[in-house]
Amino acid sequence: MSVYEQMLKRYKSNETIDEHNANCEVMQQIALAGLYRGGFFQKAAFYGGTCLRIFHGLQRFSEDMDFSLLSHDSTFDLETYFPAIIKEFEALGRSVEIKKKDKKTFTKVESAFLKDNTDIYDISFTTQKSLKIKLEVDTNPPLNFATEQRLLMMPFSFMTRCYTLPCLFAGKMHAMVFRSWKNRVKGRDWYDFEWYVRNGTKLNFSHLQERILQFNDKQITKEEFTTALKERIATTNIDMVKADVIDFVIDRRELDIWSTDYFMQVADMIQFE
């Protein structure tokens, strides 16, 4: 049995996990291994929902791989690390191609969340174009964040530099509260919000303030943030939230309790760091 098949086998014992999500997550882990080999994590850190899923056991799947440089670098070029990623897949008997995504094909909603200098790339199997993962790096990141080294043991043992949980929480709450989704919601943000509170993760408010200052050009207090969060909860259609996330959740029964009142009470349980 190949290493790739061994990695995939870990998901097959769970009948609620479909093959597409399992393959994508294995691809994500191999991509991390390639980035590690290439020295990427000396300059950058992993964050976002996929980081939470892979390293902290979040019970939902995530499509995107989000990274942040440790400091601003306008000359950074992610393509420098592509040979290491491709080589890692080849070592496991898989051929991939990495293509830059054309921003012209993005929806207005997607485009609204991208910085002007952000480049996005898709990694896909040469023989299975439908299986793809997306990579994005913030080269001018909001600062005041902390990182830690997290271990993965497949396809070999290596360390990935990741945002700490309180800083991951800050990034998620910025996305949930301050993104302008218009008539669309991202249920995965709400799922993660609930996860952080349930697991007693404290919110790094200093990093959240940095994000709000950079993206929204304003300063905010904890009280003002809580008010903004509750306004977002009160004005959001929870059925739309459920519909957006349900295909990514392993146990759909988790969503049965979701309601406006439920999330209002979750908001009152947030602890600040």
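Because the structure is a prediction, the values reported are computed rather than measured.

## Things to note about helix H7 (residues 187-198)
Taking 1.5 Å of rise per residue, 12 residues should cover 16 Å, and H7 covers 17 Å from first to last C-alpha, within 8% of that figure. Of all 12 residues making up H7, 11 are buried, and the element is well covered by its neighbours. Within H7 the residues assigned to the buried category are Gly187, Arg188, Asp189, Trp190, Tyr191, Asp192, Phe193, Glu194, Trp195, Tyr196 and Val197. The secondary structure elements touched by the buried residues of H7 are helix H3 (49-56), helix H6 (165-178), helix H9 (222-234), helix H10 (238-245) and helix H11 (260-267). Directly beyond the C-terminal end of H7, a positive phi value near 70 degrees is found at Gly200.

## Structural notes on the packing of H6 against H7
Two elements in contact, H6 and H7, have axes separated by 10 Å at closest approach and are oriented at 145 degrees. The way H6 lies across H7 gives a crossing that is left-handed. Judged by residue contacts, Leu165, Leu168, Phe169, Lys172, Met173, Ala175 and Met176 of H6 engage Asp189, Trp190, Asp192, Phe193, Trp195, Tyr196 and Val197 from H7.

## Considering the confidence of the model for the protein
On average, residues of the protein carry a pLDDT of 91, and 92% of them reach 70 or more. Confidence drops under pLDDT 50 across residues 108-112; counting only partners more than four residues distant or on other chains, this segment forms 4 contacts.

## A closer look at the packing of helix H1 (residues 3-12) against helix H2 (residues 19-37)
At their nearest, the axes of H1 and H2 sit 9 Å apart, and the two run at 130 degrees to each other. As the angle between them shows, H1 and H2 are arranged oblique. Pair H1 / H2 crosses with right-handed handedness. Residue-level contacts link Tyr4, Met7, Leu8, Arg10 and Tyr11 of H1 to Ala22, Asn23, Glu25, Val26, Met27, Gln29 and Ile30 of H2. Tallied by class, the residues present in the contact of H1 with H2 amount to 8 nonpolar, 2 polar and 2 charged.

## Examining the pairing of strand S5 (residues 132-138)
Of all 7 residues that make up S5, 6 are buried, and the element is covered over most of its length. Two elements, strand S2 (residues 64-69) and S5, share 5 bridges in a ladder whose sense is parallel. Residue pairing in the sheet places Ser68 in a bridge with Asp138 of S5. For strand S4 (residues 120-125) and S5, the ladder comprises 5 bridges, and the chain directions are antiparallel. Bridging from a neighbouring strand, Tyr121 pairs with Leu135 of S5. Linking S4 to S5, which pair antiparallel, is a turn of 6 residues.

## Let's talk about the nonpolar core
Nonpolar side chains tend to gather and get buried jointly when the protein is soluble and globular. Counting 88 residues, the largest nonpolar core has Phe193 and Phe225 as the members making the most contacts within it. When residues of this core are assigned to their parent elements, the largest contribution, 9 residues, is made by H2.

## With respect to H10
Where H10 is concerned, the buried positions are Ile238, Val241, Lys242, Asp244 and Val245. One side of H10 holds all its buried residues, which, seen down the axis, span an arc of 165 degrees. Residues Asp239 and Ala243 are exposed on H10 and point more than 90 degrees away from its buried face. Turning to H10, the residues buried within the fold contact H7 and H11. Looking at where H10 begins, the residue whose side-chain oxygen comes 2.9 Å from the main-chain nitrogen of Asp239 is Asn237.

## A word on the environment of Pro155
Along the chain, Pro155 falls in the loop between strand S6 (147-152) and strand S7 (158-163). Residues in contact with Pro155, not counting those within four places in the same chain, are Val3, Met7, Gln29, Ile30, Ala33, Glu88 and Leu92.

## Description of the side chain of Thr164
With respect to the helices, strands and loops of the structure, Thr164 is situated in the loop between S7 and H6. Its relative accessible area of 16% is what places Thr164 among the buried residues. Beyond its immediate sequence surroundings of up to four residues, Thr164 is in contact with Ala146, Thr147 and Glu148.

## Topic: the packing of aromatic side chains
Under the defined criterion, the tally for this structure stands at 26 aromatic pairs. Ring geometry for Tyr36 versus Phe158: centroids 5.5 Å apart, planes at 40 degrees, classification tilted. Of this pair, Tyr36 sits in helix H2 while Phe158 is found in strand S7, placing the two residues 122 residues apart along the sequence. Given the relative accessible area of 2%, Phe158 is considered buried. When the centroid spacing of 6.2 Å and the interplanar angle of 55 degrees are considered together, the rings of Phe40 and Phe76 count as tilted. Taken together, the residues Phe40 in the loop between H2 and strand S1 (44-47) and Phe76 in the loop between S2 and helix H4 (82-91) connect sequence positions 36 residues apart. Accessibility classification places Phe40 together with Phe76 in one group, the buried group. Put simply, the rings of Phe40, Phe41, Phe46, Phe55, Phe67, Phe76 and Tyr81 touch in pairs and so form one group of aromatic residues. We note Arg94 situated over the ring of Phe125; from NZ or CZ to the ring centre the distance is 4.9 Å. The positively charged end of Arg188 is found above the aromatic ring belonging to Phe248, 4.2 Å away from the centroid.

What counts as what
Residues numbered from 1 in each chain as written. Predicted model: local features only at pLDDT ≥ 70, side-chain atom pairs only at ≥ 80, totals over all residues. Heavy atoms only, no water. Helix = DSSP H or I, 4+ residues; strand = E, 2+ residues; numbered from the N terminus. Expected span 1.5 Å × (residues − 1). Buried < 20%, exposed > 50% of the residue type's maximum accessible area, 1.4 Å probe, protein only. Contact = heavy atoms within 4.5 Å. Axes fitted to C-alpha atoms, helices over the stretch in contact; angles between N-to-C directions. Left-handed = near helix turned anticlockwise from the far one by under 90°. pLDDT = per-residue confidence, 0-100. Parallel < 35°, antiparallel > 145°, perpendicular 65-115°, else oblique. Nonpolar A, V, L, I, M, F, W, Y, C, P; charged D, E, K, R; others polar. Pairing = 2+ DSSP bridges. Core = buried A, V, L, I, M, F, W, Y, C linked by side-chain atoms within 4.5 Å. Arc of directions from axis to C-beta. Polar contact = N/O pair within 3.5 Å; in protein donor to acceptor, adjacent residues only side chain to side chain. Phe/Tyr/Trp six-rings, centres within 6.5 Å; stacked < 30°, edge-to-face > 60°. Lys NZ or Arg CZ within 6 Å of the ring centre and 35° of its normal.

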